[in-house]
Structures are given as structure tokens and as C-alpha cells.
Amino acid sequence: MPASAHFSPELSKFLRQLERNNNREWFTANKATFEQHVRDPLLQFIADFKPRLAKISPHLVADPHPTRGSMFRIYRDTRFSKDKRPYKTWVAAQFRHEAGKDVHAPGFYLHISPTEVFAGVGIWHPDATTLAKIRDAIAEDGASWKRAIKGKGFQAHFELHGDALKRAPKGYDPGHPLIDDLKRKDFIGVAEFNPIDLERADFLDRYTKTVRAGTPFMKFLTKAVGVAW
């Protein structure tokens with residue numbers, strides 16, 4: 001493995017083992033391995049991405065703090081779930097907007113599992129007020145929306161994902177030419193990588209280039225919800 005690569009095969013190995021042994025006893029016995037091969041490499045990736053992110057937008061945050069920063073906790077919230085497995089079998093980081101306090105704010109995302117590695121840009125499950133602002137922006141300035149999602153950079157890397165309504169949202173013309181986009185409940189672009197890419201020395205470069213290609217999309221969303229880009 002090149003010295004400059006952030007992630008090694010040990011990350012996927014640990015997550016596969018965790019999937020087979022998703023219990024507190026096993027995790028406690030193997031916590032040092034988690035910290036060495038999963039947590040610490042991801043925190044270093046976040047730290048190294050921070051100055052690159054600042055050049056893309058000074059209002060997005062890359063925080064390498066281990067418990068309250070950009071990295072998602074490995075622990076699952078099982079309070080209201082029938083699935084009582086205590087740990088996620090994937091790891092992730094979100095580089096959210098400084099104006100947002102949770103995952104519903106616009107931001108960049110990195111998801112890592114043994115079988116799936118992808119970058120995300122946009123906003124997931126916005127609250128009703130934020131959702132209405134985005135829909136209004138699309139309805140009122142469809143040309144800017146189409147430029148954001150049809151540009152060469154975005155098209156080369158991303159596909160739009162997320163939930164959508166089956167019918168036109170209340171207050172919007174079912175015949176609107178962008179009705180399929182107005183039905184969206186999430187506004188997310190997803191760019192998939194081959195999982196082996198994660199172990200390449202240039203993965204940070206590739207991730208940076210990918211999310212930068214989502215800039216027009218992010219500019220549209222941040223303007224729509226009234227926060228700075």
C-alpha cells in the first residue's frame with residue numbers, strides 16, 4: 001500500500017468481521033483494531049480534506065474530532081428499531097454546512113462499506129420549510145435548476161437519488177415541465193466508486209475532484225434555502 005493512501009484492506013476486513021459478529025463483546029475485544037484501521041484513517045482523511053474543502057466553500061465544515069465532528073458514530077440508535085444490532089457495518093463522514101446542525105443540511109458526504117463506496121452532494125430529508133424553499137426555487141427558476149443538474153461536470157459524476165412523491169405536491173401544477181423534480185423529497189447527487197479505489201493513494205484527489213463537480217448543484221441548493229456558499 002502506498003504510504004500516502006489513507007485506507008488499507010484492513011478497513012473492509014474489519015467491517016466484514018463486524019457484520020458477522022455484531023455484538024458488544026466482540027467489538028470491545030476488537031476496539032483497538034477498529035481505532036487503528038477504521039476510525040483513525042477516516043479522521044486523517046477528514047483532516048486532510050479540510051483545506052481542500054475550504055477552497056471549494058468556506059462554509060462547509062470538515063471536523064476531524066472523533067466524537068462530535070464530521071465522522072458518523074459507529075454505534076446504531078436502536079431505541080425505536082426492531083433491529084437491535086448495536087453497530088453499523090459501514091462508516092461515513094458528512095461535511096455539512098456551518099448553518100446546519102444535522103444531516104438534513106446541505107453538504108458533501110462519503111460512505112464506505114466493503115461493497116459500496118460513494119460520494120454524495122446535496123440535502124437529505126429536508127424539513128417541510130426547507131423542502132418548500134427548494135421546490136419554489138425549482139418552480140420559479142427552472143433554467144438554473146437544469147443547468148445545475150445537466151452540466152457536464154455533474155452529469156459525468158452524479159446521478160440524482162432519494163425519495164419522491166407519487167403525485168404532485170400540494171400547491172404545484174401537476175403539468176409543470178419539472179414536475180418530476182418537484183416531487184422529490186431528497187435532493188442528492190450520488191457518485192459511486194469501485195471499493196478498491198478507496199485503497200488507492202489518489203483517493204483523496206479523486207474524492208475532491210468528484211465533490212467539486214457538484215458545486216453548481218450545491219450553489220443552487222444553498223441559494224434556495226438562504227445560506228451562503
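These notes cover the structure that comes with them. (Residues numbered from 1 in each chain as written. Predicted model: local features only at pLDDT ≥ 70, side-chain atom pairs only at ≥ 80, totals over all residues. Heavy atoms only, no water.)

Summarising the element assignment, P114 is placed in the loop between β2 (107–112) and β3 (117–123). What makes P114 buried here is its relative accessible area of 13%. With 47 residues separating them along the chain, P114 and H161 place their C-alpha atoms 21 Å apart. Dropping the residues within four chain positions of it, P114 is found in contact with S12, L15, R16, T89 and P195. (Helix = DSSP H or I, 4+ residues; strand = E, 2+ residues; numbered from the N terminus. Buried < 20%, exposed > 50% of the residue type's maximum accessible area, 1.4 Å probe, protein only. Contact = heavy atoms within 4.5 Å.)

Further remarks concern helix α3 (residues 31–56). Between the first and last C-alpha of α3 there are 35 Å, a value that for 26 residues agrees with the 38 Å anticipated at 1.5 Å per step. Along its buried surface, α3 packs onto α1 (9–20), α2 (24–29), β1 (91–96), β2, α8 (203–212) and α9 (215–225). (Expected span 1.5 Å × (residues − 1).)

Aromatic rings in a pair are described by how distant their centres are and how their planes are angled relative to each other. Tallying each qualifying case throughout the model produces 25 aromatic pairs. A ring pair is formed by F49 and Y207, whose centres lie 5.3 Å apart and whose planes are at 70°; its orientation type is edge-to-face. With F49 in helix α3 and Y207 in helix α8, this pair connects stretches of sequence that are 158 residues apart. On the basis of relative accessibility, which here comes to 0%, the residue F49 falls in the buried class. Between W145 and F187 the ring centres are 6.0 Å apart and the planes differ by 85°, which places this aromatic pair in the edge-to-face class. Highlighted residues: W145 in helix α5 (residues 142–150) and F187 in strand β5 (residues 187–193), separated in sequence by 42 residues. (Phe/Tyr/Trp six-rings, centres within 6.5 Å; stacked < 30°, edge-to-face > 60°.)

Within β2, six of the six residues are buried, leaving the element largely enclosed by the surrounding structure. A two-sided burial pattern is seen for β2, the buried positions comprising G107, Y109 and H111 on one face and F108, L110 and I112 on the other. The sheet contact formed by β1 and β2 spans six bridges and is antiparallel. Within β2, the residue paired with R96 across the bridge is G107. Of the pairings in the sheet, the one linking β2 to β3 comprises six bridges and is antiparallel in character. From the neighbouring strand, G107 faces β3, where its bridge partner is G122. Counting the residues that bridge the hairpin from β2 to β3 gives four residues. (Pairing = 2+ DSSP bridges.)

This next bit is on the nonpolar core. Counting residues in hydrophobic clusters, the biggest one holds 60 residues, and the most contacted among them are L42, F95, F108, F187, F203 and Y207. Not counting residues within four places of it along the chain, the set of residues in contact with F203 comprises F7, F45, L110, V117, F193, D197 and L198. Counting five residues, the second-largest nonpolar core is a separate cluster that includes A92, Y109, F118 and I188. (Core = buried A, V, L, I, M, F, W, Y, C linked by side-chain atoms within 4.5 Å.)

So, on to the pattern of salt bridges. Enumeration according to the criterion identifies ten salt bridges in this entry. With a shortest N-O distance of 3.7 Å, E35 and R39 are connected by a salt bridge. Of this pair, E35 and R39 both sit in helix α3, separated by four residues, roughly a single helical turn. Using a relative accessible area of 23% as the deciding quantity, one classes E35 as partly exposed. Residue R39 is classed as partly exposed on the basis of its relative accessible area of 23%. Among the salt bridges present, the one from R52 reaches D205, with a minimum N-O distance of 2.8 Å. Of this pair, R52 sits in helix α3 while D205 sits in helix α8, and the two are 153 residues apart along the sequence. Each of the salt bridges in this network shares a partner with another, and the network as a whole consists of D197, R200, D202 and R206. (Salt bridge = Lys/Arg side-chain N within 4 Å of Asp/Glu carboxyl O.)

Further remarks concern the sheet that holds strand β4 (residues 159–161). Taking strand neighbours across the sheet as the criterion, the five strands line up as β1-β2-β3-β5-β4 in an open arrangement whose pairing is antiparallel. Sheet topology places β1 and β4 at the edges, where each strand pairs with a single neighbour. Averaged over neighbouring strand pairs, the angle between their axes works out to 25° when direction is ignored. (Axes fitted to C-alpha atoms, helices over the stretch in contact; angles between N-to-C directions.)

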